[in-house]
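Observations on chain architecture
Below are the chains, spelled out letter by letter.
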Amino acid sequence: MFVGTFFVILLFQYNIKMMKIGKIILLLLMFAAVLPASAQKKKVIKKKSPKVEAPAENPRFTEMLSATQKVTFIDSVVINRDQLLDAYFTNAEEGRLSTYKDFFHAPGQASDIVYVNELGNKCIFSMNNGNGGMRLYSCDLLANEWSSPEPLKGLEEEGLTDMGFPYMMPDGQTFYFAARGGSGLGGYDIYYTRFDAENGRFMKPENIGLPFNSEADDFLYVISEQDSIGFFATSRRQPEGKVCVYTFVPSATRSAYDIDAIGGTAIRSFANIAQISDTWGNNRQRTAALQRLERLRSASDMTRQKSSESKGNFTFIVDDKTVCRSFSDFRDPDNASRMRELLSMQKLYGSVSAKLLKDRNDYTSASILDRNRLYNEILQLEEQQHQLAQQIQFLEKEIRNNELSN
């Protein structure tokens, strides 16, 4: 009896405990049900990043890639497009370049280039063809007067438009120019052709290819054969109104990179002229070319200065009513010599400013060792530029004051 009573008591206590546990579980379930939605854990859904596709390569560029020419680029300078010719240095015995406005003393864009042969009796330039495009024409100097413009024959048959930026080699046959359309990559492309004297017309123009052409504007391909120095301009990677003029070593024969040996990435870098230092090799060729370039630059600057002085090619504003455009316009007899000195200073100021701009551009990508050298050079150029600016300002004031007192 005692044992039976004991089991009844244990069972009773067990039921009470189970009831309490059940009530606790029930309360927890009810509490969870009334929890606010914000207190419950939210499921995080990871969004997939949009797939960015690389821009498609120009099929024409891909086609021309394997023929990318090996070129040693020795220098480059970024310049305003309307000051393009300031970065070109040519030999007087091989012809010269001018702007349409300066050459013909007529309205025209500063970027419209005129080529004049070494004898000064033939010029080639571009002008409107009457159909909304630009075409290349030539004139001959006859009895001190230029003949009526005649279109260059053979170029118009290749679907080229907006032709310009002419340059004829000293042989009188090899001809370079720029144009849109045809087999170009986009914008202006550089073309070359040869004159067929027997038929009196140019042969089929050929695209000069990579690395000289790109999808941007590429133009004014010029070679100083005597000095083995070449120039061309491009707007690739440049802001509006700016161009980069590259200086290179021209080759007698064309040699292309071996795409199988260097790979697709490397040849694209050469084709786009990503970094000119990649083309220097052991640097001996570049060092020798830079010396030739300096001699060419000095000779060209001297020729330009003499031409400017002989023609009185300047504009000096004395006051609102008086402007002097030649040395004979000055009333003060000593102002002609002062003006010559002023023109020389202004030329030197331009050279110093161009060199300063180039050094600043080079500094951003230079090595630590080169940066130290460029830093000191930049400081010296800045000081020279400042002194020249003061001297120019003083001389201008002196000319103006002497002119007004006579």
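Overview of the structure. (Residues numbered from 1 in each chain as written. Predicted model: local features only at pLDDT ≥ 70, side-chain atom pairs only at ≥ 80, totals over all residues. Heavy atoms only, no water.)

Moving on: the overall build of the chain. The helix and strand inventory of the chain stands at eight helices and 17 strands. The 406 residues of the chain split such that 36% are buried. Considering only contacts within the chain whose residues lie at least 6 apart along the sequence, 54% involve residues at least 24 apart. By element, 54% of the accessible surface of the chain is carried by carbon and sulfur atoms, the whole surface being about 24,800 Å². (Helix = DSSP H or I, 4+ residues; strand = E, 2+ residues; numbered from the N terminus. Buried < 20%, exposed > 50% of the residue type's maximum accessible area, 1.4 Å probe, protein only. Contact = heavy atoms within 4.5 Å. Areas by Shrake-Rupley, 256 points an atom, 1.4 Å probe, with all protein chains shown as cover.)

For the rest of this paragraph, the subject is the layout of surface pockets. Roughly 610 Å³ of volume is contained in the second largest pocket. Taken together, 30 residues make up the lining of the second largest pocket; nearest its centre are Tyr176, Tyr192, Ile208, Tyr221 and Arg254. Considering only residue class, the lining of the second largest pocket consists of 15 nonpolar, eight polar and seven charged. (1 Å grid on protein atoms, 1.4 Å probe; cavity = no way out; pocket = protein on both sides within 12 Å on 5 of 7 lines; lining within 4 Å. Points joined across faces, edges and corners; volume = space filled by probe spheres on them. Nonpolar A, V, L, I, M, F, W, Y, C, P; charged D, E, K, R; others polar.)

In this section: the pattern of salt bridges. Inspection of the entire model under this criterion finds 16 salt bridges. We note a salt bridge from aspartate 75 to lysine 358, for which the minimum N-O separation is 3.0 Å. Within this pair, whereas aspartate 75 is found in strand 1 (residues 72-80), its partner lysine 358 is found in helix 7 (residues 335-363), the two being separated by 283 residues in sequence. Across the pair, lysine 358 and aspartate 75 agree in class, each one buried. Across the pair glutamate 377 and arginine 373 runs a salt bridge, and its minimum N-O distance is 3.9 Å. (Salt bridge = Lys/Arg side-chain N within 4 Å of Asp/Glu carboxyl O.)

A few words now on the packing of helix 7 against helix 8 (residues 368-404). Angle between the axes and distance between the axes: these two values describe a pair of packed helices. Between helix 7 and helix 8, whose axes approach to 9 Å, the crossing angle comes to 155°. As summarised for this structure, helix 7 and helix 8 are arranged roughly antiparallel, according to the angle between their axes. Classified by chirality, the crossing of helix 8 by helix 7 is left-handed. Among the residues forming the contact of helix 7 with helix 8, the class breakdown is 17 nonpolar, seven polar and twelve charged. (Axes fitted to C-alpha atoms, helices over the stretch in contact; angles between N-to-C directions. Parallel < 35°, antiparallel > 145°, perpendicular 65-115°, else oblique. Left-handed = near helix turned anticlockwise from the far one by under 90°.)

With that settled, the discussion passes to unusual backbone geometry. Of note, the amide linkage connecting leucine 210 to proline 211 takes the cis form, showing an omega dihedral of 10°. Mapped onto the elements of the fold, proline 211 is located in the loop between strand 12 (206-207) and strand 13 (218-224). Phi is positive for aspartate 162, close to 50°, though the residue is something other than glycine. Structurally, aspartate 162 can be placed in strand 8 (residues 160-168). According to the relative accessible area criterion, aspartate 162 is buried, its value standing at 18%. Of note, phenylalanine 165 is a non-glycine position whose phi angle comes to about 55°, a positive value. Along the chain, the position of phenylalanine 165 falls in strand 8. The class of phenylalanine 165 is buried, set by a relative accessible area of 6%.

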